[in-house]
Each structure stands twice: as structure tokens, then as C-alpha cells.
Amino acid sequence: KLLADLVRTDRHNHRQVAGDSETAQSTQVLARAHQSLIWDRTRHTNRLRNGLREYFPAADAAFSGELAGMDAVGILAKAPTPTEAARLSQAQIRSALRAGGRQRNIATKAAEIQALLRTDHTAAPPAVEAAYGATPRSLIAIIVELNRQISMLEEEVAQVFSSHPDTDIYRSLPGFGPVISARVLAEFGDDPERYADAKSRRNYAGTSPLTRASGRSHVVLARWVRNRRLYDALDQAAFCSLTQSPGCRHFYDQRRAKGDLHHQALRALANRLVGYLHGCLKHRTQYNEHTAWSHRQQT
């Protein structure tokens, strides 16, 4: 009855539900699966790091915290304990680095890793050390398989996204690579009537500030109720745009000079990019660096 009364009395206040195309829906399924696997890999990598810090902190230092990379995976799969790692020769380390896909600075990297793996540390009894080493083996096997599945899904995401008519518009924005563009399209959808204006799109993305005023009190806060997947993609896009767009870099530097923290400045930059994206989609034009930032440079 409540729904019937809404339609009977307030129909003019409501719009039809937006409907996405089949390509956008397919992109959403693949992009979300790809992102979920990356989050799973991060979760297992953190578990691996916490385990290594208990008995083998030199391993975390040797790979600069990149335990999901092929360098770390290849060497820790061979030697997950300090005793086994200390016995590795440079030739064995070079072989593991090549197997992981490294092509440059192999000899130098092998020497650095060997020196770090042989640093002095507080050793556990042999039986305890062997027990500790069993856990990294299982986690590394999971991370290796996750890396393989992520690479396969990434290719499928890029392939499906490339068939969408808005691909060129999304890819024209700085920082919007094929995967990030696919994620943004998947979460925004492609119905042109879904968002009334750029503000609505920014509010849904969670990049626009939330202002609360009462009397003399005026507070500007970040929006924490937001699409987590979309916000994560936009945050990465804003970070990548710093090296691709002089205008984005200048805007970010200005925000930092005013006292914003790193992620606060990125959020403000992502909010600006969402507005540009809305305008490009509305007018069916690609992003133009001069058009986007010339007014700020003149000011």
C-alpha cells in the first residue's frame, strides 16, 4: 500500500530506475571479481608478513615489503626459513629471480638479497623454525595462484571494457588505465539519465565534501557512506594522474600547500576528475588538458 501511495501521489518526484547495458553489467561482474581477488591477495600477503616478522624479519626487509612480488615468492618458496635462506648461493637466487620474471639488474639484486638474508638475527630452535616455515609455504602457494588468476581476469576485464562505446572517453582522463577505467564504469553504470548533474555523481562516488553548519559552527567532513569499490578506483586514478597531467599535479601541490594530507588532496583531486568525467560523458567529448585546467593556470 505504501508503494502504491508513492506512485499515486508522488510520481512526479521519482524517476525510473536506471538500467545499464549488457556490456556495462559484464564489465561490473569481471571488475568486481578482479578487485576482490586483489583484496584477497593483500589479505594473504599481510598474513605472510606477520608470520615472517615473528621468526624471519630479514625476509620482509630483503624484499622491501613486496611479498606478493615474484622475487619474494620465488625465493621464499625455496627457502622459507632463516637457515635455508642463509644457505642460498647467488646462483640459486639469480635462478629464482629469472624464474620470477626479472630481466634487469639480476646480479646486483641477488647480491643485495643474499646479504640481507644472511644478517644476524635471534634464531629459534630447529624444530620451532621448521614449524614456522610450514605456514609460509602454504601462503606462498595461495599467493602464486592468486597472481595467476588476477592476471587472467585482468585480460578479460580489458577485453570486455574495450568493446564499450564510452571506452575512449574514460581512457582519455589522466590516471584512468584500462582496469581502473573498467572499475569506474562498472560502479557508475552507463545509463545517461542515472545522475542528474555532476554533483550527484560526486556524491555517489564519495569524493565530494560533506558540509555541516549550525549557528556559528561550520564543519567540512569526508563522506564515509560511499561505494567502497568506486572510491578505491578513483583514489588510484587520482594518484596515477599526478605523473600524467601537469594540471592534476599543480592542483595536488596547491592542496598540500594549504595543509591537506596526502589522501585529503587525492580525494579533492578525484572529486575534480569525477566532474570532468561527467562533463565528458554528457557532451560526448574526450578529456582535454588545456580545457580542464587553463582557468586555474590563468588565476
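Preceding block: the structure.
Everything numeric here is computed off the predicted structure, so don't read it as measured data.

**Notes on the overall build of the protein chain**
And then number 1: When you go through the protein chain residue by residue, the secondary structure sums to 15 helices and two strands.
And then number 2: Here the protein chain has a C-alpha radius of gyration of 25 Å; the compact-globule value for 299 residues is 19 Å, and the former is much larger.
And then number 3: Across the 299 residues of the protein chain, 40% fall into the buried class.
And then number 4: In the protein chain, of all internal contacts separated by at least 6 residues, the share reaching a separation of at least 24 is 66%.
And then number 5: Summed over its atoms, the accessible surface of the protein chain is roughly 17,100 Å², and 51% of this surface lies on carbon and sulfur atoms.

**Quick look at the packing of helix α11 (residues 198-205) against helix α14 (residues 262-283)**
And then number 1: For the pair α11 and α14, interaxial distance at closest approach is 9 Å and the crossing angle is 135 degrees. Put simply, α11 runs oblique to α14. In this structure, α11 meets α14 at a crossing whose hand is right-handed. Residues A198, R201, R202 and A205 of α11 form the contact with α14, whose own contacting residues are N271, R272, V274, G275, H278 and L281.
And then number 2: For the contact of α11 with α14, the class distribution of residues is four nonpolar, three polar and three charged.

**Observations regarding helix α8 (residues 126-162)**
And then number 1: Taking 1.5 Å as the rise per residue, α8 with 37 residues should run 54 Å; its terminal C-alpha atoms sit 54 Å apart, in good agreement.
And then number 2: Of the positions making up α8, those classed as buried are E129, G133, P136, L139, I140, I143, L146, N147, I150, L153, V157 and F161.
And then number 3: Residues of α8 that are buried make contact with α2 (22-55), α4 (70-78), α5 (82-86), α9 (167-172) and α10 (178-188).

**Brief notes about the nonpolar core**
And then number 1: By size, the foremost hydrophobic cluster in this structure holds 42 residues, and its most contacted members are Y170, F176, V184, F188, L234, L269 and W293.
And then number 2: Secondary-structure elements contributing two or more residues to this core are α2, α8, α9, α10, α12 (228-241), α13 (246-257), α14 and α15 (289-298).
And then number 3: Per element, the largest residue contribution to this core is 11 residues, and it comes from α14.
And then number 4: With residues near it in sequence (within four places) discarded, L234 still touches F176, V184, A205, T207, A270 and V274.
And then number 5: Core analysis: the next-biggest nonpolar cluster, separate from the first, contains 26 residues, L48, A62, I93 and L97 among them.

**Structural notes on the environment of H250**
And then number 1: Checked against the element boundaries, H250 lands in helix α13.
And then number 2: In this structure the C-alpha to C-alpha distance between H250 and R228, which are 22 residues apart in sequence, comes to 27 Å.

**Quick word on the side chain of R267**
And then number 1: With respect to the element layout, R267 can be found in helix α14.
And then number 2: Sequence-distant contacts of R267, defined by excluding residues within four places in its chain, comprise G206, T207, A222 and Y231.

**Details of the packing of aromatic side chains**
And then number 1: Applying the stated criterion to the full structure yields nine aromatic pairs.
And then number 2: With a centroid separation of 5.7 Å and 85 degrees between ring planes, the pair formed by F188 and Y195 is classed as edge-to-face.
And then number 3: Residue classification places F188 among the buried positions, given a relative accessible area of 0%.
And then number 4: Of the residues examined, Y195 reaches a relative accessible area of 11% and is grouped as buried.
And then number 5: Ring geometry for F251 and W293: centres 5.8 Å apart, planes at 45 degrees, overall tilted. Of the two residues, F251 is situated in helix α13 and W293 in helix α15; the sequence distance between them amounts to 42 residues.

**Some words on a nonpolar patch on the surface**
And then number 1: A cluster of nonpolar side chains, namely L2, L3, L6 and V7, defines an oily patch on the protein surface of about 410 Å² accessible area.
And then number 2: Position of V7 relative to the elements: it lies in helix α1 (residues 2-10).
And then number 3: Take V7: its relative accessible area is 45%, and that puts it in the partly exposed class.

**A word on the layout of surface pockets**
And then number 1: Taken as a whole, the largest pocket spans an internal volume of roughly 350 Å³.
And then number 2: What lines the largest pocket is a set of 14 residues, among which P209, V220, R255, R267 and A268 lie closest to the centre.
And then number 3: Those elements giving two or more residues to the lining of the largest pocket turn out to be β2 (217-221), α13 and α14.
And then number 4: The element that contributes the greatest number of residues to the lining of the largest pocket is α14, accounting for five residues.
And then number 5: Of the residues in the lining of the largest pocket, the class split is six nonpolar, four polar and four charged.
And then number 6: Volume-wise, the second largest pocket comes out at about 270 Å³.
And then number 7: As for the second largest pocket, its lining consists of 14 residues, and the residues nearest its centre are D191, P192, R201, L281 and K282.
And then number 8: Sort the elements by how many residues they give to the lining of the second largest pocket and α14 lands first, with three residues.
And then number 9: When the residues that make up the lining of the second largest pocket are grouped by side-chain class, the tally is four nonpolar, two polar and eight charged.

**Considering the packing of α12 against α14**
And then number 1: At a minimum axis distance of 8 Å, the contact between α12 and α14 shows a crossing angle of 95 degrees. One way to sum up the angle between α12 and α14 is to call them roughly perpendicular. Here Y231, L234, D235, A238, F239 and S241 of α12 lie close against α14, whose contacting residues are H262, H263, L266, R267, L269, A270, L273 and V274.
And then number 2: Looking at the contact of α12 with α14 residue by residue, the classes come out as nine nonpolar, three polar and two charged.

Cut-offs used in this document
Residues numbered from 1 in each chain as written. Predicted model: local features only at pLDDT ≥ 70, side-chain atom pairs only at ≥ 80, totals over all residues. Heavy atoms only, no water. Helix = DSSP H or I, 4+ residues; strand = E, 2+ residues; numbered from the N terminus. Rg over C-alpha atoms; globule rule 2.2 N^0.38 Å. Buried < 20%, exposed > 50% of the residue type's maximum accessible area, 1.4 Å probe, protein only. Contact = heavy atoms within 4.5 Å. Areas by Shrake-Rupley, 256 points an atom, 1.4 Å probe, with all protein chains shown as cover. Axes fitted to C-alpha atoms, helices over the stretch in contact; angles between N-to-C directions. Parallel < 35°, antiparallel > 145°, perpendicular 65-115°, else oblique. Left-handed = near helix turned anticlockwise from the far one by under 90°. Nonpolar A, V, L, I, M, F, W, Y, C, P; charged D, E, K, R; others polar. Expected span 1.5 Å × (residues − 1). Core = buried A, V, L, I, M, F, W, Y, C linked by side-chain atoms within 4.5 Å. Phe/Tyr/Trp six-rings, centres within 6.5 Å; stacked < 30°, edge-to-face > 60°. Patch = residues over 30% accessible without salt bridge, like charges linked within 9 Å, V, L, I, M, F, W, Y side chains within 5 Å. Salt bridge = Lys/Arg side-chain N within 4 Å of Asp/Glu carboxyl O. 1 Å grid on protein atoms, 1.4 Å probe; cavity = no way out; pocket = protein on both sides within 12 Å on 5 of 7 lines; lining within 4 Å. Points joined across faces, edges and corners; volume = space filled by probe spheres on them.

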